[in-house]
There are 2 protein chains.
Amino acid sequence: MQIAFVIYDRFTALDAVGPYEILSRVPDTECVFVSEHPGPVRTDTGVVAITADRALTDVPRPDVVVVAGGPGQSALMEHEPLLEWLRAADTTSTWTTSVCTGSLLLAAAGLLRGRRAASHWLALDELRRHGAEPTGERVVFDGKYVTAAGVSSGIDMALTLVGRIAGDDVARAVQLGTEYDPQPPYDAGSPAKAPAGIVELVRGMSRFILT
Amino acid sequence: MQIAFVIYDRFTALDAVGPYEILSRVPDTECVFVSEHPGPVRTDTGVVAITADRALTDVPRPDVVVVAGGPGQSALMEHEPLLEWLRAADTTSTWTTSVCTGSLLLAAAGLLRGRRAASHWLALDELRRHGAEPTGERVVFDGKYVTAAGVSSGIDMALTLVGRIAGDDVARAVQLGTEYDPQPPYDAGSPAKAPAGIVELVRGMSRFILT
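Residues numbered from 1 in each chain as written. Chains lettered and ligands numbered in written order. Predicted model: local features only at pLDDT ≥ 70, side-chain atom pairs only at ≥ 80, totals over all residues. Heavy atoms only, no water.

Okay, the interface of chain A and chain B next. Counting residues at the interface gives 65 residues for chain A, matched by 65 residues for chain B. Summed over both partners, the interface of chain A with chain B buries about 5400 Å², with 61% contributed by carbon and sulfur atoms. Considering only the side of chain A, the residues that lose the most area to chain B are Leu176(A), Glu179(A) and Tyr186(A), jointly responsible for 16% of the buried surface there. Applying the counting criterion to the chain A and chain B interface returns 4 salt bridges. As a salt-bridge pair, Asp53(A) and Arg42(B) come within 2.8 Å of each other at their nearest N and O atoms. The tally of links between chain A and chain B comes to 41 residue pairs in polar contact (both at pLDDT 80 or more). Mapped by element, the contributors of at least two residues to the side of chain A that touches chain B are helix 1 (13-23), strand 2 (30-35), strand 3 (39-42), strand 4 (49-52), helix 5 (153-166), helix 6 (168-177) and helix 7 (196-204) of chain A. Among the elements that take part in the side of chain A that touches chain B, helix 6 of chain A stands out by supplying 8 residues, more than any other. The class makeup of the residues in the side of chain A that touches chain B is 33 nonpolar, 18 polar and 14 charged. (Contact = heavy atoms within 4.5 Å. Buried area = accessible area lost by both parts, 1.4 Å probe. Salt bridge = Lys/Arg side-chain N within 4 Å of Asp/Glu carboxyl O. Polar contact = N/O pair within 3.5 Å; in protein donor to acceptor, adjacent residues only side chain to side chain. Helix = DSSP H or I, 4+ residues; strand = E, 2+ residues; numbered from the N terminus. Nonpolar A, V, L, I, M, F, W, Y, C, P; charged D, E, K, R; others polar.)

All names here are of chain A. Residue position: Asp-90 is located in helix 2 (residues 80-92). The exposure class of Asp-90 is buried, given its relative accessible area of 7%. Other than its neighbours up to four places away in sequence, Asp-90 contacts Thr-96, Leu-111, Lys-144 and Tyr-145. (Buried < 20%, exposed > 50% of the residue type's maximum accessible area, 1.4 Å probe, protein only.)

Quick look at the UniProt feature "domain: DJ-1/PfpI" (unreviewed entry) in chain A now. Within the UniProt annotation, "domain: DJ-1/PfpI" (unreviewed entry) is assigned to residues 2-162 of chain A. Between the C-alpha atoms that bound residues 2-162 of chain A the distance is 13 Å, and the span itself is 29% helix and 25% strand. (UniProt positions renumbered as here; feature names shortened; annotations may be inferred.)

All names here are of chain A. Burial of strand 10 (residues 139-142) is two-sided: the residues Val-139 and Phe-141 facing one way and the residues Val-140 and Asp-142 facing the other way are all buried. Sheet analysis places strand 10 next to strand 11 (residues 145-148), joined by 4 bridges and oriented antiparallel. Bridge pairing links Val-139 to Ala-148 in strand 11. The loop that links strand 10 with its antiparallel partner strand 11 comprises 2 residues; one of these, Gly-143, has a positive phi angle of about 60°. (Pairing = 2+ DSSP bridges.)

Moving on: the packing of helix 7 of chain A against helix 6 (residues 168-177) of chain B. Interhelical geometry of helix 7 of chain A versus helix 6 of chain B gives an angle of 60° and a closest axis separation of 9 Å. The angle between the axes of helix 7 of chain A and helix 6 of chain B places the two elements in the oblique class. Helix-helix and strand crossings are classified by hand; for helix 7 of chain A and helix 6 of chain B the assignment is right-handed. Only Asp169(B), Arg172(B), Ala173(B), Leu176(B) and Gly177(B) of helix 6 of chain B make contact with helix 7 of chain A, whose side of the interface consists of Ile198(A), Val199(A), Leu201(A) and Val202(A). (Axes fitted to C-alpha atoms, helices over the stretch in contact; angles between N-to-C directions. Parallel < 35°, antiparallel > 145°, perpendicular 65-115°, else oblique. Left-handed = near helix turned anticlockwise from the far one by under 90°.)

This is the structure in structure tokens:
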């Protein structure tokens, strides 16, 4: 089973690396990072680059597509080389998935029309404008389309997907191997849980976070 | 505040990227990925490379040191260029930290002698052999030494550290920005919680996971 992680200039590192760390541990999978042009791809902070070993065109028929989100997404919403690849890969994929604002790219490619979907909580309105039905859920399955909420949610999405692909016990083994027993020191990880002042602070920075 | 993420051949990607994604969002921080030799550094799976922009010697006095774990750690337990750098950087650091088997490298450098520390649950015995006092906790503070358990625990470690560095509200804003509201679909993330059969399965694969 080939799993393609789609990255691009100014993607968010954890959006891709979270699901990769989970999915790469499933037996009999081949993971590959892909980008329009292969080579090191800078993340949104500029601090670090992650190498895409293959060009999109080198990987035309992955079984699973995982599209990362990140500020760089906004420049690609009409970028046909990516959108055409997403549409073509989707015709043969078993699962078409995204993390964070990666779902906006799936929506821009026309793949989420009328479908329930997740995205970063600050991007849910834009997801609706592109024809999807946003939910406040962390991981949303709608047929073969699996979308996750912001950044860190890709870990939960991937672990859920491992259960579907390889069974519950493999998923549990992966969870134990990565010691994924989260114990956040705060309980502010969603707009419903965070103090109102923090929500407004982050909302005020949304242009920085999402564009 | 300069934060150095130490990576090396066959490190585990999420060990570094989890804390990076959290710490890079703190105002007035400069994050830098460092390795003995700068350039792309392959992770444990071989699937992907992450670029270290700077050599260890280029970053002699970071305020925060974050040492990733991964199977490549075992080849470095007597590798003086790294251990000497860790000892030297530690003389001026504000926080010296690790994720997963990164704590074994801190211990090999002599920095955890007699200190309470965390590591991947499969590596706790080895941590003790190197003079530390392993705990089963997910994030352990002992003075300025902060060690985390396996792989995904670096996210919790980093968020806790953000609270210490920049205050609770900044940490909450980072948690909300990364939508870190974990909802694992299984409850098997520690040996105490996973079914016994799964624990034995993963223990049997430990040579693959840790070396």
